[in-house]
Amino acid sequence: MGKKTLMKGNEAIAEAAIRAGCRYFFGYPITPQSELPAYLARKFPEVGGTFLQAESEVAASNMVYGAAGAGARVLTSSSSPGISLKAEGISYIAGAELPAVIINIMRGGPGLGTIQPSQADYFQATKGMAHGDFYLTVLAPSSVQEAVDLTMDAFDIADKYRNPVLIVGDGIIGQMMEPVEFKDPIDPDDLPKKEWATDGAKGRERNIINSLALDPHDLEDHNLKLKAKYDRMKEEEVRYEELYTEDADIIIVAYGTTARIATSAIEMARKDGYKVGLIRPITLFPFPSDIINETADRVENFLTVEMSLGQMVEDVKLAVSGKKPVHFYGRTGGVVPSPEEIVEEIEKIGGER
Amino acid sequence: MKKVAGYPDSLTDKQFHYCPGCTHGIIHRLVAEVIDELDLKEKTIGVAPVGCSVLAYEYFDVDMHEASHGRAPAVATGIKRVHPDKFVFTYQGDGDLASIGTAEIVHAANRGELISTVFVNNAIYGMTGGQMAPTSLEGQRTTTSPFGRDVKEAGFPIKMSEMLTELDGSAYIARVSVHDPKHIRKAKKAIKKSFEIQLEGKGFSLVEVLSTCPTNWGMKPLDAIEWLKNNMIKTYPLGDLKTPEGVE
Ligand SMILES: Cc1ncc(C[n+]2csc(CCOP(=O)(O)OP(=O)(O)O)c2C)c(N)n1
Ligand code: SF4
């Protein structure tokens, strides 16, 4: 504690998982997240962890399903095409109400796409991961330090709600080296026992991990129970950061890597007299709608910037509720927007100064 | 809850939902009896499949995990890695194991995963209403092979058990049937052996059980038994296919 180490994002996330008491990892190789499993394969033996390279992402996510049901803190990581395959297991994990942490170091798509940075999996992460009525808690770090902190929190949030938590980054977050500070490690033996887990019904009623409910009324009840959890997340878990919003008349909404680039753009534009601020969602689900809605009462314009054709912008528009115009600027296919490009958008909205 | 005398402790009182003449029920009972005999009830985690036995978690009175279609070996891998000292088995149909779940079973066996699989082969997709399975016999009529399985178009009956014997991680592979009392006794012996192989840490074990589906074969229960005996065993010969050295 207190000591700063220079680390790559992917490796820092892996170290954070170990410190969060995670001892099980199941995954399948894919760029640009490869340093994460490699780090765990190296380090897990020191702490008695289990690293298993599965035959596919489908198998990996179902191994996670088994290990989570057995009561473990368990992690898997992948990148976009791999997450599509993990979707099956994730739906079952959500349906069976199990905690698990999933990392998506997003790359450009659709299809095989490119390994370059992208935010094109926003819809998948927040709305359409897989079949059925469910949500994941979705966390979006914008620095290596934040990736570390959110990874540790992710395991607690997953346990608190018995729901999978997804952390989304991109190749920049994953590959970038930054100084990080870690919290003290948690000993998995000190974590509260999960009474619902399958560990052999010794001296108790048997436990069943299941997502099947043949009677539609039973399933509706179950889905309403899940909804109550999502509502509680909306009350208790929303996280965002505000920057230069106090005097702003233009608000940029951006997350992850894009928020960092937008911050540089804002600082450049401010020198030219544009009053621009930033709202950076840290939780993509639950989405920080309230702060955006309140801010809409006192600013003139919103600009959403994403590395996609425009996905989060739909949530921003819902939050603004027509109170003010919501503009969009995006680069896609693995192209990263430059601060200058964003400044140009600000100029278009704010007029000549 | 008090159990009827002779009824396995590891089965709940819930009545099976299987069709008359379906041998899933017999196989459930054998598995439960072996769990009792090996005193495993309080250390077992069973993994149920997607298929007619999807509700197996309602019948086995042990910790149970309901998997997605074909992924039971992956789910069981996750469980076993977390609880290496517990007994973990999967119960899977032939659509589940031999079609959608081929990758999962092959790699669990290849890793020598210390789990035991009960593979119920009825040469058809039961639950979804009698479609052709990779295990369906040549010429077998199903809703999706209405003129009989043409191996030129649909490939050959897949011999999963024989394939799995080739993997260094598999320790015990057997094929049994439950069409008469003598074979039922043999089936139980094989299931017991496969469970012991796991407990002794010898490697992956699997028992394929030839089973009936009178409903989707379009037969009366007794005719289904005869059909299994006269047709299935020819394609799927019975016996221990792989046994570790030193095991009888
Ligand atoms: C991913 C997925 N695909 C398809 C199905 C539909 N489905 C349910 S059971 C089944 C076949 C089961 O057949 P088998 O494994 O042979 O078991 P049986 O019912 O004959 O015991 C299928 C295809 C499903 N539930 N999930
Ligand atoms: S459909 Fe076939 S496999 Fe399913 S319960 Fe009926 S007889 Fe058994």
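One can find the structure itself at the top, above this paragraph.
Predicted model, so just to flag it, every value in this text is computed and none were measured.

Q: Hey, could you run me through the site of ligand 2 in this one?
A: Residue and element names in this part refer to chain B. The environment of ligand 2 is formed by Tyr18, Cys19, Cys22, His24, Cys52, Asn122, Gly126, Cys213, Pro214, Thr215 and Asn216. Among the elements that line the shell around ligand 2, the one with the most residues is helix H9 (residues 214-217), at three residues. Across the shell around ligand 2, the residue classes break down as six nonpolar, five polar and no charged.

Q: I keep staring at the interface of chain B and chain A and nothing clicks. Help me out?
A: One widely used convention gives an interface's size as the accessible area the parts lose upon coming together. Opposite the 34 residues of chain B that make contact, chain A presents 34 residues. In this assembly, chain B packs against chain A so that about 2,600 Å² is buried in total across both faces, 57% of it on carbon and sulfur atoms. At the surface where chain B touches chain A, the tally comes to 20 residue pairs in polar contact (both at pLDDT 80 or more). Among the secondary structure elements, those contributing two or more residues to the side of chain B that touches chain A are strand S1 (44-48), helix H2 (56-59), strand S2 (63-66), helix H3 (72-82) and helix H5 (102-110) of chain B. The element that contributes the greatest number of residues to the side of chain B that touches chain A is H3(B), accounting for seven residues. Of the residues belonging to the side of chain B that touches chain A, the class tally is 13 nonpolar, nine polar and 12 charged.

Q: Would you mind showing me how to read H5(B) here?
A: Residue pairs three or four apart in sequence face the same way in an α-helix, which turns once every 3.6 residues. All names here are of chain B. Taken residue by residue, H5 has Glu104, Ile105, Ala108 and Ala109 as its buried positions. Down the axis of H5, the sector holding all buried residues measures 125°, keeping them to one side. Looking one or two places after H5, you find glycine 112, whose phi comes out positive at around 65°.

Q: Help me out: how do you make sense of helix H8 (residues 216-236) of chain A in this one?
A: Residues and elements named next belong to chain A. Counted at 1.5 Å a residue, the expected span for H8 with its 21 residues is 30 Å, and the 30 Å between its end C-alpha atoms agrees. Along H8, the residues that are buried comprise Leu226, Lys229, Tyr230 and Met233. Buried residues in H8, looked at end-on, bunch into an arc of 95°, giving them a common side. Along H8, exposed side chains directed more than 90 degrees from the buried face belong to His217 and Glu235. Those residues of H8 that are buried are in contact with helix H4 (80-95), strand S6 (137-139), helix H6 (144-161) and strand S13 (283-285).

Q: Sorry if this is basic, but what is going on with the packing of aromatic side chains here?
A: Aromatic rings considered in pairs are described by the distance between their centres and by the relative angle of their planes. One pass over the structure, following the stated rule, counts 15 aromatic pairs over all chains. Ring plane angle 5° and centroid distance 4.4 Å describe the contact between Tyr135(A) and Phe285(A), whose orientation is recorded as stacked. With a gap of 150 residues between them, Tyr135(A) in the loop between helix H5 (122-126) and S6 and Phe285(A) in strand S13 connect regions that are remote in the sequence. When the centroid spacing of 4.6 Å and the interplanar angle of 55° are considered together, the rings of Trp217(B) and Trp227(B) count as tilted. Within this pair, whereas Trp217(B) is found in helix H9, its partner Trp227(B) is found in helix H10 (residues 221-235), the two being separated by 10 residues in sequence. Grouped by ring-pair contacts, the aromatic residues Phe60(B), Phe87(B), Phe89(B), Tyr91(B) and Phe195(B) constitute a single cluster. Directly above the aromatic system of Trp196(A) lies the positively charged group of Arg162(A), at a separation of 4.2 Å from the ring centroid.

Q: Help me out: how do you make sense of the pairing of strand S3 (residues 87-93) of chain B in this one?
A: For a regular strand, the rule is simple: side chains alternate between the two faces of the sheet. All names here are of chain B. Of all seven residues making up S3, seven are buried, and the element is well covered by its neighbours. Of the two faces of S3, the one carrying Phe87, Phe89, Tyr91 and Gly93 and the one carrying Val88, Thr90 and Gln92 are both buried. In this structure, S1 lies alongside S3, joined through four bridges in parallel fashion. Paired with valine 47 across the two strands is threonine 90, which belongs to S3. Pairing between S3 and strand S4 (residues 116-121): five bridges, direction parallel.

Q: Just to check I follow, could you spell out the environment of Tyr7(B) for this structure?
A: All names here are of chain B. Structurally, tyrosine 7 is set in the segment before helix H1 (24-37). You can call tyrosine 7 partly exposed: its relative accessible area is 25%. Counting along the chain gives 25 residues from tyrosine 7 to alanine 32, while the straight-line C-alpha distance between them is 9.3 Å. Other than its neighbours up to four places away in sequence, tyrosine 7 contacts Thr12, Asp13, Lys14 and Arg29.

Q: Looking at this model, I keep getting lost on the nonpolar core. Mind explaining?
A: Core analysis: the biggest nonpolar cluster contains 73 residues, and Leu75(A), Ile292(A) and Phe302(A) have the highest contact counts within it. One finds Val64(A), Val47(B), Val75(B) and Ile173(B) within the second-largest nonpolar core, a separate group that totals 45 residues.

Q: What is the right way to read the sheet that holds strand S15 (residues 326-330) of chain A from this model?
A: Strand pairing within a sheet occurs via backbone hydrogen bonds; the two strands may be parallel or antiparallel. All names here are of chain A. Spatially, S10-S12-S11-S14-S15 is the arrangement adopted by the five strands of the open sheet, whose pairing is mixed. Looking along the sheet, the strands with just one partner apiece sit at the ends: strand S10 (240-243) and S15. Taken pair by pair, the neighbouring strands of this sheet meet at an average axis angle of 20°, ignoring direction. Summarising the sheet, strand S14 (residues 301-306) and S15 pair through five bridges and their orientation is parallel. Bridged to threonine 304 within S15 is phenylalanine 328. Each of strand S11 (250-253), strand S12 (276-281), S14 and S15 touches helix H12 (residues 339-350); the most contacted strand, S14, lies at about 160° to it.

Conventions adopted
Residues numbered from 1 in each chain as written. Chains lettered and ligands numbered in written order. Predicted model: local features only at pLDDT ≥ 70, side-chain atom pairs only at ≥ 80, totals over all residues. Heavy atoms only, no water. Near = heavy atom within 4 Å. Helix = DSSP H or I, 4+ residues; strand = E, 2+ residues; numbered from the N terminus. Nonpolar A, V, L, I, M, F, W, Y, C, P; charged D, E, K, R; others polar. Contact = heavy atoms within 4.5 Å. Buried area = accessible area lost by both parts, 1.4 Å probe. Polar contact = N/O pair within 3.5 Å; in protein donor to acceptor, adjacent residues only side chain to side chain. Buried < 20%, exposed > 50% of the residue type's maximum accessible area, 1.4 Å probe, protein only. Arc of directions from axis to C-beta. Expected span 1.5 Å × (residues − 1). Phe/Tyr/Trp six-rings, centres within 6.5 Å; stacked < 30°, edge-to-face > 60°. Lys NZ or Arg CZ within 6 Å of the ring centre and 35° of its normal. Pairing = 2+ DSSP bridges. Core = buried A, V, L, I, M, F, W, Y, C linked by side-chain atoms within 4.5 Å. Axes fitted to C-alpha atoms, helices over the stretch in contact; angles between N-to-C directions.

Remember that the coordinates give geometry; whether it matters functionally is a separate question.
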